[in-house]
Amino acid sequence: MAQALDAGTGVVSASSGSRRDQSDEIWEEVRGLMCGIKDCVSSEFQRLRTVIDTTEKRLGQANVKDGGGKVRKVLRTPASKTAPTNGNEESVASMRQQIQDLRLQVNILESQNKELQQQLSELSKEYDGAMRMHLAALSAARITPKSVEELEKVLVKHHIALEGFGVGSAKHTHELQHEIEVHDCSLQLVESTLERVVEPVVVRIYYGPHILVNTEQQLEDGRVRPRNQLLVEKKHPEESWESAAIRGIKEELHIDLNVHPVMALLRKDYEFLEETRNSPSYPGLVCRYRLHYVPCQVLCKEGDTNPILSTIGLEGGIPGTFNTREPSRTGEKVHFWVWKHVKIAAREKIKGLPEHDLRRQENRASRQPPTRTASVMFTDVEGSTELWEAMPETMGQAIEAHDTLMRQLLHVHYGYEITTEGDAFMMAFHEPEDAVAFGLDLHRRLMKVDWPKGLLSAPKAAPVMDSMGNLLFKGLRVRCGIATGAVKMFQDDMTKRVMYTGEAYDRAAAVSELPNGGQVFIDGDTYDSIAGALTSCRGNPGPDEEAANPIVVDEGVYKMGDAAVPVFQVVSAHLAARTVKLRAVGNGDEPLATTAYWHAPGATSSYRLWKSDPSMPPCPPVVIVFICAFKFKKVDEAVGKTKSSVCLNRFCKCVRSCLVRFNGYLCQEDHGCFMTVFGRAEDAILMCIELNICLMKEDWGPEVLACPETQEVVEQDCVIWRGLRAKCGMYEGTPTSIEPHKTTGRADYFGPLVNRAARFMGAAGGGQIVAEKSLLKRVHKPEYDWKWKENGLHIFKGVSDPFDVCTVMGNHPAFHLRQFPDKLSSAKARPYDPAVDGKGTETAEKAPETGYGVNVALEDALDDA
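Residues numbered from 1 in each chain as written. Predicted model: local features only at pLDDT ≥ 70, side-chain atom pairs only at ≥ 80, totals over all residues. Heavy atoms only, no water.

Draft legend 1. Inspection of the sheet that holds strand 37 (residues 787–796) at higher detail. An order of 29-30-28-33-36-38-37-39 is seen for the eight strands of this open sheet, with the pairing classed as mixed. On the outer flanks of this sheet lie strand 29 (665–670) and strand 39 (829–831), each paired with one strand and no other. The mean inter-strand angle of the sheet, taken between neighbouring strand axes irrespective of direction, is 30°. Together, strand 28 (622–629), strand 29, strand 30 (673–678) and strand 33 (726–733) form the strand contacts of helix 17 (residues 641–661), whose direction differs from that of strand 30 by roughly 0°. (Pairing = 2+ DSSP bridges. Helix = DSSP H or I, 4+ residues; strand = E, 2+ residues; numbered from the N terminus. Axes fitted to C-alpha atoms, helices over the stretch in contact; angles between N-to-C directions. Contact = heavy atoms within 4.5 Å.)

Draft legend 2. Region of the structure containing helix 17. Here helix 17 spans 30 Å end to end across 21 residues, near enough to the 30 Å set by a 1.5 Å rise per residue. Asn663 occupies a position one or two residues after helix 17 and carries a positive phi of about 60°. (Expected span 1.5 Å × (residues − 1).)

Draft legend 3. Expanded view of the packing of aromatic side chains. In this structure the tally under the stated criterion is 16 aromatic pairs. Where Phe322 meets Trp337, the ring centres are 6.2 Å apart and the plane angle is 10°; that geometry is what we call stacked. Of this pair, Phe322 sits in strand 15 (residues 321–328) while Trp337 sits in strand 16 (residues 331–341), and the two are 15 residues apart along the sequence. A relative accessible area of 10% means that Phe322 is categorised as buried. Look at Tyr597 and Trp598: their rings are 4.9 Å apart centre to centre, the planes differ by 85°, and that puts the pair in the edge-to-face class. Judged by relative accessible area, which is 0%, Tyr597 ranks as buried. Trp598 sits in the buried class, given a relative accessible area of 12%. Three or more aromatic residues joined by ring pairs form one cluster here, namely Tyr731, Phe760, Phe796 and Phe803. Directly above the aromatic system of Tyr414 lies the positively charged group of Arg364, at a separation of 3.8 Å from the ring centroid. In this structure, Arg477 packs its charged tip against the face of Phe473, placed 4.3 Å from the ring centre. (Phe/Tyr/Trp six-rings, centres within 6.5 Å; stacked < 30°, edge-to-face > 60°. Buried < 20%, exposed > 50% of the residue type's maximum accessible area, 1.4 Å probe, protein only. Lys NZ or Arg CZ within 6 Å of the ring centre and 35° of its normal.)

Draft legend 4. How the structure looks around the pattern of salt bridges. For the coordinates displayed, the defined rule picks out 39 salt bridges. Taking the shortest distance from any N to any O, the salt bridge between Glu332 and Arg325 comes out at 3.2 Å. Under the relative-accessibility criterion, Glu332 is labelled partly exposed at 36%. We note a salt bridge from Asp523 to Arg507, for which the minimum N-O separation is 2.7 Å. Taken together, the residues span a long stretch of sequence, with Asp523 in strand 25 (residues 520–523) and Arg507 in helix 12 (residues 503–511) at a distance of 16 residues. Within this structure, Glu195, Glu199, Lys235, Glu274, Arg288 and Arg290 form a network of salt bridges that share partners. (Salt bridge = Lys/Arg side-chain N within 4 Å of Asp/Glu carboxyl O.)

Draft legend 5. Spatial organisation of the state of the cysteines. On inspection of all chains with the given rule, the structure shows zero disulfides. Sulfur of Cys707: no disulfide; nearest cysteine sulfur belongs to Cys647 and is 8.1 Å away. (Disulfide = S-S within 2.5 Å.)

Draft legend 6. Molecular detail of unusual backbone geometry. Phi is positive for Tyr414, which is not a glycine, with a value near 60°. Tracing the sequence through the fold places Tyr414 in the loop between helix 10 (392–412) and strand 18 (415–421). Of note in the backbone geometry, Asp717 takes a positive phi value of approximately 60° without being a glycine. For Asp717, the position within the fold is in the loop between strand 31 (713–715) and strand 32 (718–721). Look at Asp717 and you get exposed, because its relative accessible area is 80%.

Draft legend 7. Representation of the environment of Gly166 in the model. If you trace the backbone, Gly166 turns up in the loop between helix 3 (148–157) and helix 4 (173–181). Sequence spacing of Gly166 and Tyr282 is 116 residues, and the spatial spacing of their C-alpha atoms is 8.5 Å. Setting aside residues no more than four positions away along its own chain, Gly166 makes contact with Lys171, His172 and Arg223.

Draft legend 8. Layout of the pairing of strand 23 (residues 488–491). Pairing geometry for strand 23 and strand 24 (residues 498–501), over four bridges, is antiparallel. Opposite Lys488, over in strand 24, you have Thr501 as the bridge partner.

Draft legend 9. Structural context of the sheet that holds strand 17 (residues 373–381). Strand order across the open sheet formed by seven strands is 18-19-17-22-25-27-26, with mixed pairing between neighbours. Only two strands of the sheet have a single neighbouring strand rather than two, namely strand 18 and strand 26 (551–560). Strand-to-strand twist in this sheet, taken as the mean axis angle between neighbours without regard to direction, amounts to 25°. In the sheet, strand 22 (residues 478–486) pairs with strand 25 via three bridges, with the strands oriented parallel. Each bridged residue has a counterpart across the sheet, and for Ile482 the counterpart in strand 25 is Ile522. In the packing of helix 10 onto the sheet, the strands contacted are strand 17, strand 18, strand 19 (424–429) and strand 22, and the crossing angle to strand 19 comes to about 0°. Against the sheet, helix 12 makes contact with strand 17, strand 18, strand 19, strand 22, strand 25, strand 26 and strand 27 (563–571), and its axis sits at roughly 155° relative to strand 22, the strand it touches most.

Draft legend 10. The arrangement of helix 8 (residues 355–365) in detail. Buried within helix 8 are the following residues: Asp357, Leu358, Gln361 and Arg364. Projected down its long axis, helix 8 carries its buried residues within an arc of 120°, all on one side. For helix 8, the secondary structure elements touched by its buried residues are helix 7 (342–347) and helix 11 (432–446). Of the residues one or two after helix 8, Arg367 is the one with positive phi, at around 60°. (Arc of directions from axis to C-beta.)

Draft legend 11. Main features of the confidence of the model for the chain. Mean pLDDT over the chain: 80, with 76% of residues reaching 70 or higher. In this model residues 61–85 is a low-confidence stretch, pLDDT under 50, and it forms 25 contacts with partners more than four residues away in sequence or in other chains. (pLDDT = per-residue confidence, 0-100.)

Draft legend 12. How the structure looks around the nonpolar core. Core analysis: the biggest nonpolar cluster contains 46 residues, and Val625, Ile627, Phe651, Met687, Leu691 and Met730 have the highest contact counts within it. With ten residues, the single largest contributor to this core is helix 18 (residues 681–697). Discounting chain neighbours no more than four positions away, the residues touching Met687 are Val625, Ile627, Cys658, Leu659, Phe662 and Phe678. (Core = buried A, V, L, I, M, F, W, Y, C linked by side-chain atoms within 4.5 Å.)

Draft legend 13. Structural context of the packing of helix 10 against helix 11. Look at helix 10 against helix 11: their axes get within 10 Å of each other, and the N-to-C directions meet at 140°. Comparing the axis directions of helix 10 and helix 11 gives the class oblique. The element helix 10 and its partner helix 11 pack so that their crossing is right-handed. Contact with helix 10, carried on its side by Leu405, Met406, Gln408, Leu409 and Leu410, involves Phe438, Asp441, Leu442, Arg445 and Leu446 of helix 11 and no other residues of that element. A per-class count over the contact of helix 10 with helix 11 returns seven nonpolar, one polar and two charged. (Parallel < 35°, antiparallel > 145°, perpendicular 65-115°, else oblique. Left-handed = near helix turned anticlockwise from the far one by under 90°. Nonpolar A, V, L, I, M, F, W, Y, C, P; charged D, E, K, R; others polar.)

Draft legend 14. Layout of the side chain of Ser186. Within the secondary structure, Ser186 sits in strand 6 (residues 185–190). Residue class for Ser186 comes out buried when judged on its relative accessible area of 15%. When residues no more than four places from it in sequence are discounted, the contact partners of Ser186 are Arg142, Glu195, Arg196 and Val197.

Draft legend 15. Region of the structure containing the pairing of strand 7 (residues 193–198). Within strand 7, five of the six residues are buried, which leaves the element mostly enclosed by the surrounding structure. Where strand 6 lies against strand 7, six bridges are found, and the strand directions are antiparallel. Pairing of Gln188 across the sheet is with Glu195, part of strand 7. Adjacent in sequence and paired antiparallel, strand 6 and strand 7 are bridged by two residues, among which Glu191 carries a positive phi angle near 50°. Across four bridges, strand 7 lies against strand 14 (residues 286–298) in parallel orientation. Within strand 14, the position partnered with Val197 by the bridge is Arg288.

Following this line, the structure appears as structure tokens:
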């Protein structure tokens with residue numbers, strides 16, 4: 001096989017058998033695909049032939065019934081003779097047209113079949129010729145030096161200067177020899193040029209909109225090499241790209257995916273590319289790269305506490321920086337890593353990113369019109385008609401200043417001006433972050449424009465302050481609507497400018513009708529794109545403005561055409577009071593679903609708590625209810641992921657349905673655990689009762705009902721358990737704060753009541769509703785058909801005083817037949833013991849009176865469940 005050709009240089013023939021086998025496998029796969037296409041065409045051809053024959057038979061004779069009910073043949077005759085009815089004539093004409101259409105399709109398929117046969121033949125010839133050339137080149141060009149000295153002779157013989165090796169970031173010759181020996185690379189002669197051949201496997205590790213970047217590397221001798229690339233592992237000749245990717249993750253990140261599957265390779269998105277370029281590692285030595293690109297997805301989310309994730313800069317699911325150490329033959333290498341937003345990485349031209357991401361950023365930087373997908377923005381000056389009528393000369397100057405500012409900011413944020421209509425602008429952006437940042441910057445800058453005299457005396461342009469003395473409005477007020485999605489480009493016949501149509505364009509126009517002047521509204525697709533990148537949406541806040549991330553407020557779901565579109569408001573932190581002053585939707589439309597932040601109980605007065613604004617009314621008491629699927633993990637293990645996912649979806653559907661019926665507001669949900677809020681305790685109690693009944697009527701399927709935790713139980717001819725069971729805990733109190741959640745925009749409640757409701761739920765059993773006795777006594781009326789069973793005083797973790805709690809009993813017989821322990825017991829709750837607890841203040845932990853929000857409570861609730 002491998003015979004030595006030159007003892008001085010170590011040139012040997014290639015062992016081509018394995019490469020030939022790999023290439024044959026690839027060719028057989030290509031041939032199989034082509035033959036499959038051919039078979040599909042032939043099958044369709046035969047089907048159409050059958051349809052034509054059948055249709056021609058039907059056309060040859062049309063059967064109708066005579067008056068006696070017998071069937072007779074009606075021949076096609078002139079109208080003066082006995083002829084088919086008008087209906088039959090139309091049917092015959094339709095059949096003739098159908099035959100013509102089918103024959104046309106057959107002709108097209110015959111043509112396609114011939115083309116495929118020709119392509120298959122040409123492909124076969126090209127493959128055989130290319131393979132012969134490739135194997136011939138390999139067999140004559142492989143170089144395998146046996147030592148560093150022999151390697152250096154080879155390099156000098158091919159006119160490669162050794163002086164550049166080991167200088168700066170360049171590697172030494174002994175490192176190249178080591179790479180050859182461990183099969184990380186090989187040396188080959190290609191048309192008398194010595195090349196280093198490497199098969200890097202580039203692993204694109206994604207976490208949401210972020211990608212993992214290796215910023216630099218500290219070598220064994222202390223030198224630091226800038227990297228700015230993704231995780232790269234050299235593929236060995238005998239291994240697959242998939243094995244190389246898993247090995248690279250294990251060696252550089254110290255995560256064995258076979259043991260800790262916190263990542264998943266996206267095999268369907270694998271890419272291969274071959275290219276030749278100079279490498280800074282070995283100056284003067286041309287490198288041929290056979291590149292394998294492997295996307296990989298981290299399987300976690302914000303709030304995840306898996307300790308493995310903290311080793312890769314994802315502690316708590318929040319991306320950060322970290323470093324790893326990799327042992328080597330001569331010491332240890334240190335890799336420095338950072339999670340970067342994909343778009344930022346593309347702008348920095350990080351090596352290894354997909355070409356479409358890089359091209360998109362190049363087009364953005366050159367301010368070319370977006371193609372295929374875009375974020376479209378419509379803007380409009382509120383009250384402009386009244387202002388033109390009242391002060392035309394002043395308004396002309398104001399609009400000139402407005403237009404100048406718009407075009408300045410368009411350049412800053414890489415936008416493209418589609419067209420204008422009066423004071424309305426239509427614009428397109430490559431990235432949704434640019435569009436949102438444009439809108440936020442616009443509202444900041446409008447308040448700093450030197451407006452003409454007289455404009456600020458008009459009600460629609462006058463300065464407005466909040467109760468704390470902060471400026472909210474000054475000058476023209478502009479409403480902005482943004483939508484992201486597919487667009488179609490065309491050139492205007494008159495202006496020759498690029499124009500747009502399509503789904504995103506139409507939706508942006510509809511969204512722009514909703515806000516008042518001074519607000520930025522976005523559709524759900526735009527929100528999905530920016531949810532993990534709010535930092536890049538801030539725009540350019542001034543030194544006197546709060547530089548915090550923008551605030552997102554859920555505004556509900558609206559009907560736009562045939563679609564139900566989620567809508568959100570984005571506002572700069574220092575202008576947050578605008579969400580209160582202008583929360584009414586501009587065109588008077590009401591949202592289809594009560595998901596909006598302002599539908600949450602107490603939200604109308606939340607700004608008082610959120611920004612300590614004393615002018616707002618105090619927040620009323622609300623009832624927090626936690627709901628969780630009881631022992632769902634055991635069901636998941638018993639029936640498998642697919643069936644358990646269907647099961648959990650049905651549970652969640654029941655919860656949402658009952659929430660709507662009883663005026664509940666959903667704050668958040670996580671794997672079957674819900675945090676909900678009610679304005680009335682009566683509604684909260686009835687919702688929990690109805691949910692337990694609804695769950696017993698759900699179609700769970702035989703596999704789920706076979707599990708001990710979800711099986712059907714009948715007592716006294718009454719079904720008392722069936723399917724997933726809901727643990728419910730509720731507590732009434734006044735929040736210390738209500739704010740829009742930082743990513744979802746929904747209402748986020750803070751204060752001891754959140755912690756207490758979560759603890760009550762955690763202490764409940766499956767199908768049990770736990771509430772404080774004082775709450776039940778206060779709201780109960782004689783006509784109500786629900787009761788309660790006392791459980792007594794209990795101590796809950798994180799709560800300073802004991803609580804007298806009860807189990808709520810509905811009117812359904814199942815509630816009275818279900819057996820629950822007299823005392824609650826869980827990892828975070830126990831019966832009150834006067835001898836140990838006294839008044840409950842000596843040994844109990846103090847409640848976190850502020851800062852306790854949805855995320856922490858959901859995590860605790862899941863632990864308890």
